[in-house]
Amino acid sequence: MKLAVVMDPIEEIKPEKDGTLDLMLSAQSFGYDLTRFHTEQLRIIDGKPLGAGRSVTVSDDENSWFTYGSENEYCLNDFDVILMRKDPPFDMEYIYSTYILDLAKMNGVKVINDPAAIRSLNEKVSITMFPNVTPPTIVTSNQNDLRSFLDDQKKIVVKPLDGMGGRSIFIVEKGEQNTNTIFEEMTRNDKKTIMAQKYIPEIVDGDKRIHLVFGNHVGMSLARVPSKDDHRGNLVMGAKGEVRQLTERDQEICGAIGERLLKAGVYFAGIDVIGDYLSEINITSPTGMREISKKSEVNVSDRFFEALHKFN
C-alpha cells in the first residue's frame, strides 16, 4: 500500500509533538510505504496530478525521526491514500494545492481530508453550523458589530479566521481603553473579517482537543491548560497538556457534529472544546495525538487507520 503525505518540511518539525509524524508512524506500522511531498512540488500536466516526492522511513526517535530514500516524479493517482497535512496559513496557494488533489480523488485515491471540505469548512467559521453547542459568536468586519457584541457579552475573545497556534487572539473586556485599537487592527479598519466569541471562563481549566475519527470520538482528550502568564490554551504558547477522559458534555458535542462532518468529507478532525462549548473545528493539520498516546492507552493515529480500512 502506498501513502503520500503533503506536509511542511519534516526536517523542521518537533518530533515529540508533531501530529503528522504520529500519523506516519501509524501508517508505516500498518504496512504503508511513505512518500512525502511539499505543496510547491505538486502540479498538473496534461490533466494528470503530479509531484516530485521523496520516499521516507520514520522512527519514534526525537533525535533521528526520519530517513530519506530516493526522490522521484510521481503521479498522485498511483497512491492509495494521500494525507493533506500542510499547516496554515490557508492562502490561495493552499487552495490551489487542493485543486490538484481533487484530480487524484477523482481517480479513486482516498484524500484525507476531502479537498472540497478543506476549502469550504473554515476552521473558525465552521462552528457556526452548530449554534446549539457553541458560545455566542459573531463573524464580521464591522467594528460597530464588535462594539455591540462586547456591550452584550461584557467580555469577549477576538481572533482572525486564518490563524493557528493561538496567534493574534485577544481578550477584550467592556471599558478597556485599548478596545478600539484592537478592533481597528484586527479588522484593518472594517476591511478584514474576524470572529468574536463570548469569553468562556472555563478556559482556566483547559482548552480540550478532541479527535473525531470518521465522525466518532476516541474517548480521550488533551486539555491544554494555560500558563499563569498567558490566557491561550495552546501548547506552543506555554500551555500544559493533560490527557483526560471525555465528559458527558464532550460526548454530546461530538455526537452533534460528527456525522455531519463525515458526510462533508472530514475524516479526521481535532475539535476544541472549552467548558461546555465547541470553539473550533481543526481539519487542516490537527495535532495532539502524540501527547494522548504517550499518556494513555489510546493511540489516536492507530484508531484512524483502523477506521480507514473499515471505511473503505
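All values derive from a computational prediction rather than experimental measurement.

What counts, and at which threshold
Residues numbered from 1 in each chain as written. Predicted model: local features only at pLDDT ≥ 70, side-chain atom pairs only at ≥ 80, totals over all residues. Heavy atoms only, no water. Core = buried A, V, L, I, M, F, W, Y, C linked by side-chain atoms within 4.5 Å. Buried < 20%, exposed > 50% of the residue type's maximum accessible area, 1.4 Å probe, protein only. Helix = DSSP H or I, 4+ residues; strand = E, 2+ residues; numbered from the N terminus. Contact = heavy atoms within 4.5 Å. Axes fitted to C-alpha atoms, helices over the stretch in contact; angles between N-to-C directions. Parallel < 35°, antiparallel > 145°, perpendicular 65-115°, else oblique. Left-handed = near helix turned anticlockwise from the far one by under 90°. Nonpolar A, V, L, I, M, F, W, Y, C, P; charged D, E, K, R; others polar. Patch = residues over 30% accessible without salt bridge, like charges linked within 9 Å, V, L, I, M, F, W, Y side chains within 5 Å. Areas by Shrake-Rupley, 256 points an atom, 1.4 Å probe, with all protein chains shown as cover. Salt bridge = Lys/Arg side-chain N within 4 Å of Asp/Glu carboxyl O. 1 Å grid on protein atoms, 1.4 Å probe; cavity = no way out; pocket = protein on both sides within 12 Å on 5 of 7 lines; lining within 4 Å. Points joined across faces, edges and corners; volume = space filled by probe spheres on them. Expected span 1.5 Å × (residues − 1). Bend = angle between axes of the 7 residues up to and from the residue. Pairing = 2+ DSSP bridges. Polar contact = N/O pair within 3.5 Å; in protein donor to acceptor, adjacent residues only side chain to side chain.

Draft legend 1. Region of interest: the nonpolar core. Formed by 34 residues in total, the largest nonpolar core has its most connected members in Leu3, Ile10, Leu83, Phe304 and Phe305. Those elements that provide at least two residues to this core are strand 1 (2-6), helix 1 (19-29), strand 4 (48-58), strand 6 (81-84), strand 13 (216-225), helix 7 (289-295) and helix 8 (300-311). The residues touching Ile10, leaving out its near neighbours within four places in the chain, are Met24, Val56, Val58, Trp65, Phe66 and Tyr68. Counting residues in each nonpolar core, the second largest holds 21 residues, with Leu161, Ile210, Val266 and Val273 among its members.

Draft legend 2. Spatial organisation of the packing of helix 1 against helix 8. The contact between helix 1 and helix 8 brings their axes to 8 Å, and the two run at 50°. Between helix 1 and helix 8, the interaxial angle falls into the category oblique. Along this stretch, helix 1 crosses helix 8, giving a crossing that reads as right-handed. Of the residues in helix 8, those touching helix 1 at Asp22, Leu23, Ser26, Ala27 and Ser29 are Ser301, Asp302, Phe304 and Phe305. Residue classes in the contact of helix 1 with helix 8 are distributed as four nonpolar, three polar and two charged.

Draft legend 3. Seen up close, a nonpolar patch on the surface. A surface patch of nonpolar side chains, amounting to about 310 Å² of accessible area, comprises Met92, Tyr96 and Tyr99. In this fold, Met92 is placed in helix 2 (residues 92-106). You can call Met92 partly exposed: its relative accessible area is 44%.

Draft legend 4. Representation of empty space enclosed by the protein. For the structure on display, the rule yields one cavity of 30 Å³ or more. By volume, the largest cavity is sized at about 70 Å³. A per-class count over the lining of the largest cavity returns eight nonpolar, two polar and one charged.

Draft legend 5. Geometry of the packing of helix 4 (residues 143-153) against helix 5 (residues 179-187). For the pair helix 4 and helix 5, interaxial distance at closest approach is 10 Å and the crossing angle is 135°. With respect to helix 5, the element helix 4 is oriented oblique. Helix 4 and helix 5 meet at a crossing whose hand is right-handed. Contacts between helix 4 and helix 5 involve Gln143, Leu146, Arg147 and Leu150 from the former and Thr179, Asn180, Phe183, Glu184 and Thr187 from the latter. When the residues that make up the contact of helix 4 with helix 5 are grouped by side-chain class, the tally is three nonpolar, four polar and two charged.

Draft legend 6. Focus on helix 6 (residues 248-263). Compared with an ideal rise of 1.5 Å per residue, which puts 16 residues at 22 Å, helix 6 spans 24 Å between its outermost C-alpha atoms and is within 8% of the ideal. In the structure, helix 6 departs most strongly from a straight axis at Ile257, where the bend amounts to approximately 35°. Tucked inside the fold, the buried residues of helix 6 contact strand 12 (207-213), strand 13, strand 15 (268-274) and strand 16 (277-282). Taken from the residues just after helix 6, Gly265 is the one with a positive phi, measuring 95°.

Draft legend 7. Representation of the sheet that holds strand 9 (residues 155-160) within the structure. Spatially, the four strands line up as an open sheet ordered 8-11-9-10, and their pairing is antiparallel. A single partner strand is all that each edge strand has here, and the edge strands are strand 8 (137-140) and strand 10 (170-173). On average, adjacent strands in this sheet sit at an angle of 25° to one another, irrespective of strand direction. Pairing analysis gives four bridges linking strand 9 to strand 10, with the strands arranged antiparallel. Bridging across to strand 10, Ile156 finds its partner in Val172.

Draft legend 8. Structural detail: the pattern of salt bridges. Enumeration according to the criterion identifies 19 salt bridges in this entry. Its salt-bridge partner being Asp162, residue Lys192 comes within 3.9 Å of it at the nearest N-O pair. With a gap of 30 residues between them, Lys192 in the loop between helix 5 and strand 11 (194-198) and Asp162 in the loop between strand 9 and strand 10 connect regions that are remote in the sequence. Members of the salt-bridge network, linked through shared partners, are Asp207, Arg209, Arg224 and Asp272.

Draft legend 9. Geometry of helix 1. Across the 11 residues that make up helix 1, a large majority, nine, are buried. Among the residues of helix 1, Gly19, Thr20, Leu21, Asp22, Leu23, Met24, Leu25, Ser26 and Ala27 are the ones counted as buried. Those residues of helix 1 hidden inside the fold are in contact with strand 1, strand 2 (33-37), strand 4, strand 6, helix 7 and helix 8. In this structure Asp18 caps helix 1, since a side-chain oxygen of it lies 3.1 Å from the backbone nitrogen of Thr20. Of the residues flanking the end of helix 1, it is Gly31, one or two places downstream, whose phi is positive at about 100°.

Draft legend 10. Up close: the pairing of strand 15. Most of strand 15 sits out of view: seven of its seven residues are buried. Burial of the side chains of strand 15 extends over both faces: Phe268, Gly270, Asp272 and Ile274 are buried on one face and Ala269, Ile271 and Val273 on the other. Two strands pair when backbone bridges link them, and strand 12 and strand 15 are joined in this way by seven bridges, in the antiparallel orientation. Bridging from a neighbouring strand, Asp207 pairs with Ile274 of strand 15.

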